[in-house]
Amino acid sequence: MAKRSLYQRLRSTAQVRLALFAVGVLLIIVSPIVGVLPGPGFIILFPIGLMLCLQNSAWAKRIYVRFKRRHPRYAGWTDRVMRRTSAARRREREALAAAEGETLENRRDDN
């Protein structure tokens, strides 16, 4: 069995999870302020803060899932920015299904 990383071991305590969630909220709040400065501050801080919030709060995950269902176009964008592996797997499945659908349509057209 693989050893858990230090980050995963630290996240097992409630106090650390709360502190990481607070840091994530702080980064989300600070990102628009930093966004007016020259450089890519907003683009870096906001996804990191969102990632920390989603990893450490079930409440934030529920809100994010609701957002994804209401706005699938934007949810795909946020998944790509956050490099979520579940989103990458879903895109691969959709591409494979689309490719299989095209081959099935081509076979029907040939008959």
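An account of the accompanying structure is given in this report. Computed from a predicted model, the values in this text were never measured in an experiment.

Taken as a whole and judged by the stated rule, the model has one aromatic pair. Summarising the aromatic geometry, the rings of Phe42 and Phe46 are spaced 5.5 Å apart at their centres and angled 20° between planes, so their arrangement reads as stacked. Note that Phe42 and Phe46 are positioned in helix H3 (residues 41–56) at a spacing of four residues, about one turn of the helix. On the basis of relative accessible area, Phe46 is assigned to the partly exposed category, the value being 29%.

Next up on the list: H3. Between its terminal C-alpha atoms H3 stretches 23 Å, which fits the 22 Å expected from 16 residues at 1.5 Å a residue. Three or more residues of H3 are buried, namely Gly41, Pro47, Gly49, Leu50, Leu52, Cys53, Leu54 and Asn56.

A grouping of Phe42, Ile43, Ile44, Ile48 and Met51 is seen on the molecular surface, where their side chains present a nonpolar patch of about 440 Å² in accessible area. Of the residues examined, Phe42 reaches a relative accessible area of 37% and is grouped as partly exposed.

Right, let's talk about helix H4 (residues 58–70) for a bit. End to end, H4 covers 19 Å across 13 residues, agreeing with the expected 18 Å (1.5 Å per residue, within 8%). Turning to H4, its buried residues number three or more, namely Ala60, Tyr64 and Lys68. Viewed along the axis of H4, the buried residues span an arc of 75°, placing them on a single side of the element. Those residues of H4 that are exposed and angled more than 90 degrees off the buried face are Trp59, Arg69 and Arg70. The opening residue of H4, the one whose side-chain oxygen lies 3.3 Å from the backbone nitrogen of Trp59, is Ser57.

At a closest axis distance of 7 Å, the pairing of helix H2 (residues 14–35) and H3 adopts a crossing angle of 155°. With respect to H3, the element H2 is oriented roughly antiparallel. Note on packing geometry: the crossing formed by H2 with H3 is left-handed.

Time to look at the packing of H3 against H4. Contact geometry of H3 with H4 gives a least axis separation of 5 Å together with a crossing angle of 110°. Put simply, H3 runs roughly perpendicular to H4. Contacts between H3 and H4 involve Cys53, Leu54, Gln55 and Asn56 from the former and Ala58, Ala60, Lys61 and Tyr64 from the latter. Its residues placed into classes, the contact of H3 with H4 shows five nonpolar, two polar and one charged.

Reading the values: the criteria
Residues numbered from 1 in each chain as written. Predicted model: local features only at pLDDT ≥ 70, side-chain atom pairs only at ≥ 80, totals over all residues. Heavy atoms only, no water. Phe/Tyr/Trp six-rings, centres within 6.5 Å; stacked < 30°, edge-to-face > 60°. Helix = DSSP H or I, 4+ residues; strand = E, 2+ residues; numbered from the N terminus. Buried < 20%, exposed > 50% of the residue type's maximum accessible area, 1.4 Å probe, protein only. Expected span 1.5 Å × (residues − 1). Patch = residues over 30% accessible without salt bridge, like charges linked within 9 Å, V, L, I, M, F, W, Y side chains within 5 Å. Areas by Shrake-Rupley, 256 points an atom, 1.4 Å probe, with all protein chains shown as cover. Salt bridge = Lys/Arg side-chain N within 4 Å of Asp/Glu carboxyl O. Arc of directions from axis to C-beta. Polar contact = N/O pair within 3.5 Å; in protein donor to acceptor, adjacent residues only side chain to side chain. Axes fitted to C-alpha atoms, helices over the stretch in contact; angles between N-to-C directions. Parallel < 35°, antiparallel > 145°, perpendicular 65-115°, else oblique. Left-handed = near helix turned anticlockwise from the far one by under 90°. Contact = heavy atoms within 4.5 Å. Nonpolar A, V, L, I, M, F, W, Y, C, P; charged D, E, K, R; others polar.

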